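Notes for the structure review
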Amino acid sequence: MPRSRHVGPGDARELPHIDSAEPPWTRNDALVTGGACVMNLLSYAFFNAPDGRHAVSVAGFLFVALAALPLLARRRHPVAALAAILVLDATATLTVPLPRHFGAVLVVALYSVARAWPGRMTAVAAAATVSLTLLSQSNGRVPPWQDAVIPPLTTLIVVGTAMAVNRWQQEVAANRRLLADRAVADERRRIARELHDIVAHHITTMQLMAGGARANIAEPEVVQDALVTLEASGRLALREMRQLLDVLRDGDEPEAVPSQPQPGADDLGRLVAESRLAGLPTEFSVHGPRRPLSPTVGLTVFRIAQEALTNARKHAGPARASVQLTYRQDRVTIEVRDDGGGTPPQEAAVGFGGYGLIGMRERVALHGGTLTAGPQAAGGFAVVADLPLTTDEADEAAVQHEGVGR
């Protein structure tokens, strides 16, 4: 399960996590670099220098080609790549007579910075690009107004294009999320309507038939008719429920073996033992008198602990973990903490962490509980879920508590 970290409101976008095992550049980076380099070389070969001469030299070709090499790092280090290109481009302009230009290499580098760091960094990069380009190409003199306008205008077009592309991508991603959320909400409403129909009709009929049988217990024929109707209604309700579940499971591969019982809070000891065998030293403690939980609450407790321990094993690095289950009179709390210092991968901004944390939060929300997940002040990561118990479970807990007190 991916771990999440807080993203401040000023962050326009999250940069993708780059695995150290990846190559320093991709084939697309090499193609972009080569194309921009070729365009700059053609400009050098076919356009006149500022003094009106058409001077082409081997040194000039080498300087122009060398200035394009930093583009290979534009995806990982766009600001550093732009800075290197500005220095190399200025050196080439002052060393070799070059035509006044705002080359393709500089355009790609500035565009990469504007895409990756919209805001203050882009403004600084744009100002530095305009200033250094004007200074290097004017050789300390005041350039003609035509030459003085080209760098600022080109910079404005490049930065404006990058900002427009950023805005477009953000709108596309937002629309995609809205469509996905709407589809999920529509499907949930449809399932809720079908479940309501099944429960409202068949279960109500079963309740009425059971009440009629109890009220007429002395009349065997009436009781028999009521029980037959009760059995038929229950069978039909089960069949419709199975059909609904088949729709939800449509596309899943068939199970090779019969399903095992769903795990619960009583299986946390086995989960902790598996975590230890996987290499994560894990402590387990239970506070409060143990008592049976409903299957759904027990399953939620187990899944939260499972996801949190998986997260710790993946991203906490060398660490120790602890699992604490606390039974209270009206609620149960599951806490999973680790003291690791591993750096988690950055995730897409989806509001509350990655897919695992979203799944846990939805599980807890179904029971009306709360979930807290995030880094600890002393280091490490903590996941705390607080689940309220139903009235029947709370009453049973109170009875057990009174029995223990006596």
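Heads up: these notes are all about the structure in this document.

Of all hydrophobic cores here, the largest spans 33 residues; its most connected members are Leu268, Val301, Leu325, Val332, Ile334 and Val383. Those elements that provide at least two residues to this core are helix H8 (268-277), helix H9 (295-315), strand S2 (321-327), strand S3 (331-338), helix H10 (355-366), strand S4 (370-375) and strand S5 (381-388). Ranked by residues supplied to this core, first place goes to H9 with eight residues. When neighbours within four sequence positions are excluded, Val301 is seen to be in contact with Ala265, Leu268, Leu325, Val332, Ile334 and Leu387. Residues Ala36, Tyr44, Ile85 and Val158 belong to the second largest nonpolar core, which totals 23 residues.

Within the open sheet, the five strands sit side by side as S1-S2-S3-S5-S4. Their pairing is mixed. Of all strands in the sheet, those with a lone pairing partner are strand S1 (282-287) and S4, marking the two edges. Recorded for the sheet is a direction-independent mean angle of 10° between the axes of neighbouring strands. Contacts between H8 and the sheet are confined to S1, S2 and S3, with S1 contributing the most and set at about 165° to the helix. The strands that H9 touches are S1, S2, S3 and S5; relative to S3, the one it contacts most, it runs at about 10°.

Below, the discussion takes up a nonpolar patch on the surface. Together, Val149, Leu153, Leu156 and Ile157 make up an exposed nonpolar region whose accessible area comes to about 380 Å². Note on placement: Leu156 falls in helix H6 (residues 145-215).

Summed over all chains, the structure comprises seven salt bridges. With its nearest N and O atoms 2.4 Å apart, the salt bridge here joins Asp386 to Arg331. With Asp386 in strand S5 and Arg331 in strand S3, this pair connects stretches of sequence that are 55 residues apart. Residue class for Asp386 comes out buried when judged on its relative accessible area of 18%. Residue Arg331 is classed as partly exposed on the basis of its relative accessible area of 26%. Arg337 is the salt-bridge partner of Glu335, the closest N and O atoms lying 3.1 Å from each other. Judged by relative accessible area, Glu335 falls into the buried class, the value being 15%. Here the residues in one salt-bridge network are Asp267, Arg270 and Glu274, joined through shared partners.

How each quantity is defined
- Residues numbered from 1 in each chain as written.
- Predicted model: local features only at pLDDT ≥ 70, side-chain atom pairs only at ≥ 80, totals over all residues.
- Heavy atoms only, no water.
- Core = buried A, V, L, I, M, F, W, Y, C linked by side-chain atoms within 4.5 Å.
- Buried < 20%, exposed > 50% of the residue type's maximum accessible area, 1.4 Å probe, protein only.
- Helix = DSSP H or I, 4+ residues; strand = E, 2+ residues; numbered from the N terminus.
- Contact = heavy atoms within 4.5 Å.
- Pairing = 2+ DSSP bridges.
- Axes fitted to C-alpha atoms, helices over the stretch in contact; angles between N-to-C directions.
- Patch = residues over 30% accessible without salt bridge, like charges linked within 9 Å, V, L, I, M, F, W, Y side chains within 5 Å.
- Areas by Shrake-Rupley, 256 points an atom, 1.4 Å probe, with all protein chains shown as cover.
- Salt bridge = Lys/Arg side-chain N within 4 Å of Asp/Glu carboxyl O.

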